[in-house]
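Fold and geometry: a report
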Amino acid sequence: LPEFERYNQQAKNFIELYLGNTHSYLGTILSNQALMAEAMGNYKEAVDLLNRAGQVFDSNGATEHAQAVHFQNIASLLRRNGEYDGAIAYLRKARQLLESSAQTQPLEQAKVFIFLAYNYKLKGDLQDAIHHSQQAIKLLKTLPQKQATKESLIDAYLNLSSDYRQKEQYNQSGIYAQQAI
C-alpha cells in the first residue's frame with residue numbers, strides 16, 4: 001500500500017507539472033487516492049479528494065469512462081459507510097454515462113449492474129438486486145468468455161443464488177448456484 005501510494009503521488013505530481021491541474025488523468029488519480037484514504041480510515045480526506053476529482057472532471061469535460069469510474073468510486077465510499085441510497089444514485093449515473101458512450105465495453109456496464117445489485121441487496125431490496133444481477137448476466141453472455149468475463153458472470157450467478165436463498169426460493173437458488181459452477 002505505501003508503494004502504491006508513493007507511485008500514485010508521483011503520477012499526480014507529473015500530471016500537474018506537465019499536463020496541468022485540470023487534466024482528466026489528475027481527476028482519475030485523485031479519485032483513486034480517495035479510495036486509498038478511505039481504506040486507511042480517513043473518510044474526511046477521501047471525501048475531499050473525491051470532491052477535488054469531481055471539480056477536475058467538471059472543468060475539462062472528462063470522458064464518460066473517467067466520470068463513470070469516478071462515480072463508482074464515490075458509490076464505493078458511500079456503500080462502505082452504509083449510505084446505500086447515495087451509492088445507488090451514483091451507480092445509476094455511472095450506468096447512464098456508460099450506456100451513452102459509444103466506447104463503453106459491455107463488461108464495464110455489467111460490472112456496474114453487479115455493483116447495483118450488491119447495493120440493493122445491502123439495502124434490503126432483493127427484487128431490484130435480482131433484476132440488476134439478471135441484467136449483468138444478459139450483458140455478460142454476449143461477450144467472449146475471457147477470464148474477467150467468467151469471474152463477473154460467476155459473481156452475478158452467486159449473487160442471484162444468494163438473493164433467491166434469502167427469499168426462501170431454494171430451487172431458484174440452486175439453479176443459479178449450479179450455473180456459477
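Remember, it's a predicted structure, so these values are computed and weren't measured experimentally. (Residues numbered from 1 in each chain as written. Predicted model: local features only at pLDDT ≥ 70, side-chain atom pairs only at ≥ 80, totals over all residues. Heavy atoms only, no water.)

Once that is clear, we can look at the overall build of the protein chain. Along the protein chain, the regular secondary structure elements total nine helices and zero strands. Listing every helix and strand of the protein chain by position from the N terminus yields α-α-α-α-α-α-α-α-α. Across the 181 residues that make up the protein chain, the buried fraction comes to 44%. Taking contacts inside the protein chain between residues at least 6 apart in sequence as the whole, the part at least 24 apart equals 55%. (Helix = DSSP H or I, 4+ residues; strand = E, 2+ residues; numbered from the N terminus. Buried < 20%, exposed > 50% of the residue type's maximum accessible area, 1.4 Å probe, protein only. Contact = heavy atoms within 4.5 Å.)

If you walk through the whole model with that rule in mind, you get five salt bridges. With a closest N to O distance of 2.8 Å, Lys123 and Asp85 form a salt bridge. Here Asp85 lies in helix H5 (residues 84-100) and Lys123 lies in helix H6 (residues 106-123), a separation of 38 residues in the sequence. Among the salt bridges present, the one from Lys121 reaches Asp163, with a minimum N-O distance of 3.4 Å. Of this pair, Lys121 sits in helix H6 while Asp163 sits in helix H8 (residues 147-166); the two residues are 42 residues apart in sequence, bridging distant segments of the chain. You can call Lys121 partly exposed: its relative accessible area is 21%. Residue classification places Asp163 among the buried residues on the basis of a relative accessible area of 1%. (Salt bridge = Lys/Arg side-chain N within 4 Å of Asp/Glu carboxyl O.)

With 17 residues, H5 should cover 24 Å at 1.5 Å per step; its first-to-last C-alpha distance of 24 Å lies within 8% of that length. Ala87, Ile88, Leu91, Ala94, Arg95, Leu97 and Leu98 are the residues of H5 that are buried. Among the structural elements, helix H4 (64-80), H6 and helix H7 (126-140) are those in contact with the buried residues of H5. (Expected span 1.5 Å × (residues − 1).)

This part takes up the nonpolar core. When a protein is soluble and globular, its nonpolar side chains tend to lie buried together. Membership of the largest hydrophobic core comes to 44 residues, with the highest contact counts inside it found for Leu30, Leu116, Ala136, Ile137, Leu140, Tyr157 and Leu160. Going through the elements one at a time, helix H2 (24-39), helix H3 (43-60), H4, H5, H6, H7, H8 and helix H9 (170-180) are the ones with two or more residues in this core. Leave out the neighbours within four places in its chain, and Leu140 touches Leu107, Ala110, Ile114, Gln145, Thr149, Ser152 and Leu153. (Core = buried A, V, L, I, M, F, W, Y, C linked by side-chain atoms within 4.5 Å.)

In this section: H7. Helix length check: H7, at 15 residues, gives a terminal C-alpha distance of 21 Å against a target of 21 Å (1.5 Å per residue), a fit within 8%. Looking only at H7, the buried set comprises Leu126, Ala129, Ile130, His132, Ser133, Ala136, Ile137, Leu139 and Leu140. As for H7, its buried residues are in contact with H5, H6 and H8.

Right, let's get into the packing of H7 against H8. Where H7 meets H8, the axes come as close as 9 Å, and the angle between the chain directions of the two elements is 155°. Classified by the angle between their axes, H7 and H8 sit roughly antiparallel to one another. Crossing of H7 against H8: the hand is left-handed. Note on element contacts: H8 touches H7 through Thr149, Ser152, Leu153, Ala156, Tyr157, Asn159, Leu160, Asp163, Tyr164 and Gln166, opposite Leu126, Ala129, Ile130, Ser133, Gln134, Ala136, Ile137 and Leu140. When the residues that make up the contact of H7 with H8 are grouped by side-chain class, the tally is 11 nonpolar, six polar and one charged. (Axes fitted to C-alpha atoms, helices over the stretch in contact; angles between N-to-C directions. Parallel < 35°, antiparallel > 145°, perpendicular 65-115°, else oblique. Left-handed = near helix turned anticlockwise from the far one by under 90°. Nonpolar A, V, L, I, M, F, W, Y, C, P; charged D, E, K, R; others polar.)

Scanning the entire structure with this criterion turns up three aromatic pairs. Summarising the aromatic geometry, the rings of Phe71 and Tyr90 are spaced 5.7 Å apart at their centres and angled 50° between planes, so their arrangement reads as tilted. Of this pair, Phe71 sits in helix H4 while Tyr90 is found in helix H5, placing the two residues 19 residues apart along the sequence. Considering the side-chain rings of Tyr157 and Tyr176, the 6.2 Å spacing of their centres and the 25° angle between planes classify their relative orientation as stacked. Taken together, the residues Tyr157 in helix H8 and Tyr176 in helix H9 connect sequence positions 19 residues apart. In this pair, the class of Tyr157 matches that of Tyr176, namely buried. (Phe/Tyr/Trp six-rings, centres within 6.5 Å; stacked < 30°, edge-to-face > 60°.)

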